[in-house]
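If you want the building blocks of each chain, they are given just below.
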Amino acid sequence: MGVISDIAPHVPYLRRFARALTGNQEIGDALVAALLESFIADPDKLQLGDDARLALYAAFCRLWETQSRESHLLPENLEDTEWEAKAHRQLAVLEPQAREAFLLMAVEGFDPDEIAEILERSSADVQHLLDNASQSIVEQVATDVLVIEDEPIIAMDLETLLESLGHRITGIARTEEEAIQLSSAQRPGLVLADIKLADGSSGIDAVNRILAKFEVPVIFITAFPERLLTGEKPEPAFLITKPFMPDMVKAVVSQALFFDIKPRVLA
């Protein structure tokens, strides 16, 4: 069990990456589970080297690319209730490895040299992938955004970042009730929500009340992602960890808007 214990701390974050890459919680989790099962059956299959996290992500990306080529986990084969035509067109524009590279850098924090090792590409290739991904994503996903965040500096940072991507801020809510009022006044195309709000109310409760009225992509922001990525359903498909880097916000926002998935109410 040495290999499993070495990679265990990284699994919740790999699941986050898998969900963002595939745009689907079930498929992302299923791929991670398949990878872990293969390691349990054959521990020698994963050569950890000096960096268990790097080796784990490299193994996952190889699995993802294999499954994509074999087509049975590609978006085209999912039911319309999960993947709408908009997501099909958007994903078709972006080269699969460009999406991988962008997420590995912006969400998971790998540097370009590490990404090159994970994807088995040259550093120049990786930079080309990152440039193409950023440009393609930003061009396609501008929308109205509601920010639910009680810390003024963080809220201002998010507003600046989102506007730099071409999005429009419909409002910034500090409490659950403010969030409900703002979402009712002007329905946003995306919601970014902190978990704990100014008056002790819950960002999760605010989002659940919004989702009871209309469907909208949701990204949660938290300093404790492991509390939401427990392996128990339901869980958020998109998550930003505090403290966040600007590229992380850009990547997760872009990915969330790439997919027209019915959001889940969280317990």
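Residues numbered from 1 in each chain as written. Predicted model: local features only at pLDDT ≥ 70, side-chain atom pairs only at ≥ 80, totals over all residues. Heavy atoms only, no water.

The next point concerns the confidence of the model for the chain. Per-residue pLDDT for the chain has a mean of 81; in total, 80% of the residues score no lower than 70. Long-range and interchain partners of residues 71-84, a stretch whose pLDDT sits below 50, account for 24 contacts in this model, where long-range means more than four residues apart. (pLDDT = per-residue confidence, 0-100. Contact = heavy atoms within 4.5 Å.)

Strand order in the open sheet formed by five strands is 2-1-3-4-5, with parallel pairing between adjacent strands. Two strands bound the open sheet, and with one partner strand each, they are strand 2 (168-173) and strand 5 (239-241). With direction set aside, neighbouring strand axes in the sheet form an average angle of 20°. Relative to strand 2, strand 1 (residues 144-148) is paired through five bridges, and the arrangement is parallel. What sits directly across from Val145, in strand 2, is Ile169. (Pairing = 2+ DSSP bridges. Helix = DSSP H or I, 4+ residues; strand = E, 2+ residues; numbered from the N terminus. Axes fitted to C-alpha atoms, helices over the stretch in contact; angles between N-to-C directions.)

Following the criterion strictly, the structure yields 11 salt bridges and no others. Measuring nitrogen to oxygen at the nearest pair gives 3.6 Å for the salt bridge that ties Arg15 to Asp29. Placement of Arg15 in helix 2 (residues 11-22) and of Asp29 in helix 3 (residues 25-41) is noted, with a sequence separation of 14 residues between them. Just as Arg15 is buried, Asp29 falls in that class too. Through salt bridges with shared partners, a single network forms among Glu149, Glu151, Asp194 and Lys242. (Salt bridge = Lys/Arg side-chain N within 4 Å of Asp/Glu carboxyl O. Buried < 20%, exposed > 50% of the residue type's maximum accessible area, 1.4 Å probe, protein only.)

Another point: the environment of Ile180. Relative to the helices and strands, Ile180 resides in helix 10 (residues 176-185). With 32 residues separating them in the primary sequence, Ile180 and Ile148 have C-alpha atoms 9.9 Å apart. Discounting residues that sit within four places of it in the chain, Ile180 has contacts with Ala206, Arg209, Ile210 and Lys213.

Another aspect to go through is the side chain of His167. Along the polypeptide, His167 turns up in the loop between helix 9 (152-164) and strand 2. Filtering out sequence-adjacent residues up to four positions away, His167 remains in contact with Val141, Ala142, Thr143, Val145, Leu162, Val253 and Leu257.

Moving on to the packing of aromatic side chains. In the structure shown here, the tally under the stated rule is three aromatic pairs. Summarising the aromatic geometry, the rings of Phe17 and Tyr57 are spaced 5.6 Å apart at their centres and angled 55° between planes, so their arrangement reads as tilted. With a gap of 40 residues between them, Phe17 in helix 2 and Tyr57 in helix 4 (residues 52-70) connect regions that are remote in the sequence. By the burial criterion, Phe17 is buried, and Tyr57 matches it. Relative to Phe110, the ring of Tyr57 lies with its centre 5.0 Å away and its plane at 70°, an arrangement referred to as edge-to-face. Separated by 53 residues along the polypeptide, Tyr57 in helix 4 and Phe110 in the loop between helix 6 (96-106) and helix 7 (112-119) bring together distant segments of the chain. The buried category is assigned to Phe110, whose relative accessible area is 3%. Among the aromatic residues, those joined into a cluster by ring pairs are Phe17, Tyr57, Phe60 and Phe110. Stacked on the ring of Tyr57, the Lys or Arg Arg53 has its end atom at 5.4 Å from the ring centre. (Phe/Tyr/Trp six-rings, centres within 6.5 Å; stacked < 30°, edge-to-face > 60°. Lys NZ or Arg CZ within 6 Å of the ring centre and 35° of its normal.)

Quick look at unusual backbone geometry now. The step from Lys242 to Pro243 runs through a cis peptide bond, and the omega angle for that step is -10°. Summarising the element assignment, Pro243 is placed in the loop between strand 5 and helix 12 (246-258). Positive phi, normally seen in glycine, also occurs at Glu120, with a value near 60°. Structurally, Glu120 can be placed in the loop between helix 7 and helix 8 (123-140).

All right, on to the packing of helix 10 against helix 11 (residues 203-211) then. Where helix 10 meets helix 11, the closest approach of the two axes is 9 Å, and the angle between their N-to-C directions is 25°. Relative to helix 11, the element helix 10 is oriented roughly parallel. For the crossing formed where helix 10 meets helix 11, the hand is right-handed. Here Glu176, Glu177, Ala179, Ile180 and Ser183 of helix 10 lie close against helix 11, whose contacting residues are Asp205, Ala206, Arg209 and Ile210. When grouped by side-chain class, the residues that make up the contact of helix 10 with helix 11 number four nonpolar, one polar and four charged. (Parallel < 35°, antiparallel > 145°, perpendicular 65-115°, else oblique. Left-handed = near helix turned anticlockwise from the far one by under 90°. Nonpolar A, V, L, I, M, F, W, Y, C, P; charged D, E, K, R; others polar.)

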